[in-house]
Amino acid sequence: MNTKQKILILVKTYPEISRKYIETVCTAGILADTKKLIKLYPIRYRYLEGEFQFKKYQWIRAKITKAISDSRPESYNLVEGTIEIGNIIGTDDGWHEREEWVINHNTLFNSVKDLLNSQKQSRTSLGIVKPKEILEFSIEPKSEAEIKEAEIKKKSIISQMGLFEHPKDLELLPFKPVLKFKCDDPACNSHSMSILDWEFGQLYRKIKESNDWKQKFTDKVMSICSPDKETYLILGNIARWQNIFCILGMFYPPKRRQMRLF
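First, a word on scope: everything that follows refers to the structure included in this document. (Residues numbered from 1 in each chain as written. Predicted model: local features only at pLDDT ≥ 70, side-chain atom pairs only at ≥ 80, totals over all residues. Heavy atoms only, no water.)

**Let's talk about the overall build of the chain**
In step 1: A tally of regular secondary structure across the chain gives five helices and 16 strands.
In step 2: Relative to the globule expectation of 18 Å for 262 residues, the C-alpha radius of gyration of the chain, 19 Å, shows essentially globular dimensions.
In step 3: Along the first, second and third principal axes, the C-alpha set of the chain runs to 70 × 50 × 40 Å.
In step 4: Considering the chain as a whole, with its 262 residues, one finds that 46% of them fall into the buried category.
In step 5: Of the accessible surface of the chain, which amounts to about 14,900 Å², a share of 49% is contributed by carbon and sulfur atoms. (Helix = DSSP H or I, 4+ residues; strand = E, 2+ residues; numbered from the N terminus. Rg over C-alpha atoms; globule rule 2.2 N^0.38 Å. Buried < 20%, exposed > 50% of the residue type's maximum accessible area, 1.4 Å probe, protein only. Areas by Shrake-Rupley, 256 points an atom, 1.4 Å probe, with all protein chains shown as cover.)

Pasting the structure below:
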């Protein structure tokens, strides 16, 4: 694409260490001209200049090119120096404008099964599902081997940075937040998926010194999934295992209460 595209930023995942890019943030958004989901990768978000750092539900304009090394149809590379920051869609209208863009026939799937079928048929890698029931939230600790391996990789990558590059320390999360839910499908037993949303990583960094941080973390997640909200899960698959999906983020407008006619 030679012209800039207008994109509504929807989710940003917690940064991951990368040998090629130092670190990357997987970002998903909605294309303004089609209302389709798009994945922007790689983005070294914390290394972007302040004028280029976008927020969730913010419009940006930027040049994007179809990812050559990633065959998934939604995957595009963003040319960092072309980013133009636009307006943020707020919530003063009760999330109505956000919902008009985010929830549509291009993005919404009836169940995880439907999304998986679309992945098999069309290589779909992004989709939104509204769970029928949230069953459980758990904080699963990573093994000592996982943590050690990640720390070694991080130190190795930082040590190879150029003289004029200034490394930003990345705190690696020692656990995986996992949400268990059921779809609105009689055949659905349940699904357990990791949550990769940046906001939850930031939450951990703020509360980790508290003795009850796990309870605070759980309370925050469950407040987003509370009965007074219409909670949707924004799902994306893993490049190496494209039949495995994770929760990239959540969309949770207030529940619409139908007014009585009489």
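So much for the structure itself; the text now carries on.
**Considering unusual backbone geometry**
In step 1: Even without being glycine, K35 reaches a positive phi, approximately 60°.
In step 2: The residue K35 is located in the loop between β4 (27-31) and β5 (37-40) in this model.
In step 3: For K35, a relative accessible area of 28% puts it in the partly exposed group.
In step 4: The phi angle at W95 is positive, at roughly 75°, despite the residue not being glycine.
In step 5: Tracing the backbone shows W95 in the loop between β9 (84-88) and α1 (96-102).

**Quick notes on the pattern of salt bridges**
In step 1: Going through the model one piece at a time under the given rule, you end up with nine salt bridges.
In step 2: The partner of E171 in a salt bridge is K208, and the shortest N-O contact between them spans 2.5 Å. Remark: K208 occurs in the loop between α4 (198-207) and α5 (213-224) and E171 occurs in the loop between α3 (144-159) and β13 (175-182); sequence separation between them is 37 residues.
In step 3: The exposure class of E171 is partly exposed, given its relative accessible area of 21%.
In step 4: Of the residues examined, K208 reaches a relative accessible area of 27% and is grouped as partly exposed.
In step 5: The network of salt bridges with common partners includes K56, D197 and E199. (Salt bridge = Lys/Arg side-chain N within 4 Å of Asp/Glu carboxyl O.)

**Re a negative patch on the surface**
In step 1: On the surface, D92, D93, E97 and E100 cluster together to form a negatively charged patch.
In step 2: Its place among the elements puts D93 in the loop between β9 and α1. (Patch = residues over 30% accessible without salt bridge, like charges linked within 9 Å, V, L, I, M, F, W, Y side chains within 5 Å. Lys, Arg positive; Asp, Glu negative; His and termini not counted. Charge placed at Lys NZ, Arg CZ, Asp CG, Glu CD.)

**Describing the packing of α4 against α5**
In step 1: Relative orientation of the contacting elements α4 and α5 amounts to 145°, with a least axis distance of 10 Å. Seen from above, α4 lies across α5 with right-handed handedness. The residues of α5 that touch α4, namely those facing F200, L203, Y204 and I207, are W213, K216, F217, K220, V221 and I224.
In step 2: Among the residues making up the contact of α4 with α5, the classes are represented as eight nonpolar, no polar and two charged. (Axes fitted to C-alpha atoms, helices over the stretch in contact; angles between N-to-C directions. Left-handed = near helix turned anticlockwise from the far one by under 90°. Contact = heavy atoms within 4.5 Å. Nonpolar A, V, L, I, M, F, W, Y, C, P; charged D, E, K, R; others polar.)

**Overview of the sheet that holds strand β15 (residues 232-237)**
In step 1: With respect to topology, four strands assemble into an open sheet ordered β10-β11-β15-β16, the strand pairing being mixed. The sheet terminates laterally at β10 (108-109) and β16 (245-251), the two strands that pair on one side only.
In step 2: Pairing of strand β11 (residues 126-129) with β15 involves four bridges; the strand directions are antiparallel. Counted as the bridge partner of L126 is G236 from β15. (Pairing = 2+ DSSP bridges.)

**Regarding α5**
In step 1: For α5, with 12 residues, the first-to-last C-alpha span of 17 Å sits near the 16 Å given by 1.5 Å per residue.
In step 2: Of all the positions in α5, only W213, F217, T218, V221 and I224 are classed as buried. Seen end-on, α5 carries its buried residues on one side only, within an arc spanning 135°.
In step 3: Where α5 is buried, its residues meet β12 (133-141), β13, α4 and β16. (Expected span 1.5 Å × (residues − 1). Arc of directions from axis to C-beta.)

Purely geometric numbers; function is a separate question.
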